[in-house]
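# Coordinates in review
Below, each chain spelled out in residue letters.
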Amino acid sequence: MLAILRQALVAMLLAVPLLASAAPATPAYSLIKGTTDQLLSDLSANRENYRQNPQAFYDALNRIVGPVVDADGISRSIMTVKYSRRATPEQMQRFQENFRRSLFQFYGNALLEYNNQGITVDAPKDESGDRTSVGMQVKGNNGAVYPVSYTLEKVNGDWKVRNVIVNGINIGKLFRDQFSDAMQRNGNNLDKTIDGWAGEVAKAKDAAGSQPLQGQP
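Described below are features of the structure shown in this document. (Residues numbered from 1 in each chain as written. Predicted model: local features only at pLDDT ≥ 70, side-chain atom pairs only at ≥ 80, totals over all residues. Heavy atoms only, no water.)

### Topic: the side chain of glutamate 127
Within the secondary structure, glutamate 127 is located in the loop between strand S1 (119-121) and strand S2 (131-139). For the buried glutamate 127, no salt bridge is present, and the opposite-charge side chain at shortest range is lysine 154, 6.9 Å distant. Excluding residues that lie within four positions of it along the chain, glutamate 127 makes contacts with Pro27, Ala28, Tyr29, Thr132, Lys154 and Trp159. (Helix = DSSP H or I, 4+ residues; strand = E, 2+ residues; numbered from the N terminus. Buried < 20%, exposed > 50% of the residue type's maximum accessible area, 1.4 Å probe, protein only. Lys, Arg positive; Asp, Glu negative; His and termini not counted. Salt bridge = Lys/Arg side-chain N within 4 Å of Asp/Glu carboxyl O. Contact = heavy atoms within 4.5 Å.)

### Considerations on the pairing of strand S3 (residues 145-155)
Where S2 meets S3, nine bridges bridge the pair, whose relative direction is antiparallel. By the bridge assignment, glycine 135 is partnered in S3 with serine 149. Hairpin connection from S2 to S3: five residues lie between these consecutive antiparallel strands, with glycine 143 at a positive phi of about 90 degrees. From the end of S3 to the start of strand S4 (residues 158-166), which pair antiparallel, there are two residues, and asparagine 156 there has a positive phi angle of about 55 degrees. (Pairing = 2+ DSSP bridges.)

### Some thoughts on the pattern of salt bridges
For the coordinates displayed, the defined rule picks out 11 salt bridges. With a shortest N-O distance of 2.5 Å, arginine 94 and aspartate 195 are connected by a salt bridge. Taken as a pair, arginine 94 in helix H5 (residues 89-112) and aspartate 195 in helix H7 (residues 190-195) lie far apart in primary sequence, 101 residues in all. Judged by relative accessible area, arginine 94 falls into the buried class, the value being 18%. Under the relative-accessibility criterion, aspartate 195 is labelled exposed at 52%.

### Digging into the sheet that holds strand S5 (residues 169-170)
Taken in spatial order, the five strands line up as S1-S2-S3-S4-S5 in an open sheet, and their pairing is antiparallel. What marks the edges here is a single partner per strand, and that holds for S1 and S5. Where S4 and S5 come together, two bridges link them in antiparallel fashion. Residue isoleucine 165 lies in a different strand from S5, and its bridge partner there is asparagine 170.

### Here's the deal with the nonpolar core
Counting residues in hydrophobic clusters, the biggest one holds 45 residues, and the most contacted among them are Leu43, Phe57, Ile78, Met79, Phe175, Phe179 and Trp197. Take this core: its biggest share by element is seven residues, from H5. If near-sequence neighbours (up to four positions away) are discounted, phenylalanine 179 is found in contact with Ile78, Met79, Tyr83, Phe95, Leu190, Thr193 and Trp197. (Core = buried A, V, L, I, M, F, W, Y, C linked by side-chain atoms within 4.5 Å.)

### Observations regarding the pairing of S4
Here eight bridges tie S3 to S4, and the two strands are oriented antiparallel to one another. Opposite valine 148, over in S4, you have valine 166 as the bridge partner. As consecutive antiparallel partners, S4 and S5 are separated by two residues, and within that stretch asparagine 167 has a phi angle of approximately 55 degrees, a positive value.

### Looking at helix H4 (residues 71-84)
A turn of α-helix holds 3.6 residues, and therefore any two residues three or four places apart point the same way. For H4, with 14 residues, the first-to-last C-alpha span of 13 Å runs short of the 20 Å given by 1.5 Å per residue. Largest kink in H4: about 65 degrees, centred on isoleucine 78. Burial in H4 covers these residues: Ala71, Gly73, Ile74, Ser75, Ile78, Met79, Tyr83 and Ser84. (Expected span 1.5 Å × (residues − 1). Bend = angle between axes of the 7 residues up to and from the residue.)

### Here's the deal with the packing of aromatic side chains
Going through the model one piece at a time under the given rule, you end up with nine aromatic pairs. Both rings, one in phenylalanine 95 and one in phenylalanine 179, keep their centres 5.4 Å apart while their planes meet at 75 degrees; by these two values the pair is edge-to-face. A residue pair is termed long-range when its members are at least 10 positions apart, and phenylalanine 95 in helix H5 and phenylalanine 179 in helix H6 (residues 171-185) qualify at 84 residues. The same class applies to phenylalanine 95 as to phenylalanine 179, namely buried. Each ring, one from phenylalanine 99 and one from phenylalanine 175, has its centre 5.4 Å from the other, and the planes form 85 degrees; the classification is edge-to-face. Of the two residues, phenylalanine 99 is situated in helix H5 and phenylalanine 175 in helix H6; the sequence distance between them amounts to 76 residues. Among the aromatic residues, those joined into a cluster by ring pairs are Tyr83, Phe95, Phe99, Phe175, Phe179 and Trp197. (Phe/Tyr/Trp six-rings, centres within 6.5 Å; stacked < 30°, edge-to-face > 60°.)

In C-alpha cells form, the structure reads like this:
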C-alpha cells in the first residue's frame, strides 16, 4: 500500500510546482500544461545528476516551488489558527523551511523515478474569482491512473498553490491532523513540534498508506 501511495505522491509533487515562472494573470490551466512539460524536460535532462547529488535536486525543487506556493498560507492552515497565532515570525519561517525540506527529502526520489508515463490535464474550470481548482490524471509507474486535484488562490494577483488532493487523499488535512497530534504529544511545545516535523511527515506518510486508494489500472 505504501508503494501505491509513493506513486500517488509523485503526482502531488508534479502538481505542486506547476506554476513556476508564470506571468501574472495567465490562466491556471495554461500555466499547468506549459510548466508540466518544462518540469518533465528538466528532470529528463538532469535525472542522473540529481540521482548522484540529491541535495542539488532538493535545491532545484525548492527554487521552482518556493516562489509559486503560498507557503505562509499553507503553513498557517497546517498549524490552524489555534497554533499559528502563537507562533513568532521566526517560528513560522522555520516551519515553512522544515516542511518543504522534509517533503522533498521523503518524496523526491520517487519523482526521479517518474518517466512521464502519461499526464492529462482536465478541461479548464471557471477562473473568474480568486480561487479555482485544476484537475489532472497522472499515470504511475505501476500503470494505475491517479486523479489529482489542487486548489489555487490568487495572492497579490498571482495564482498560488494552497492544497493538493491526490487520489482522494487531502494532503493539507493529512498534515493538519498530524500537526495537531504532534502538538498534543509534545505538550503544546511549538518549537519541539517544528524541529521534529520531518519525523511527523514520515508518520503522515504511513498514515496515508493505510488508507485505501482508488487508482485505476
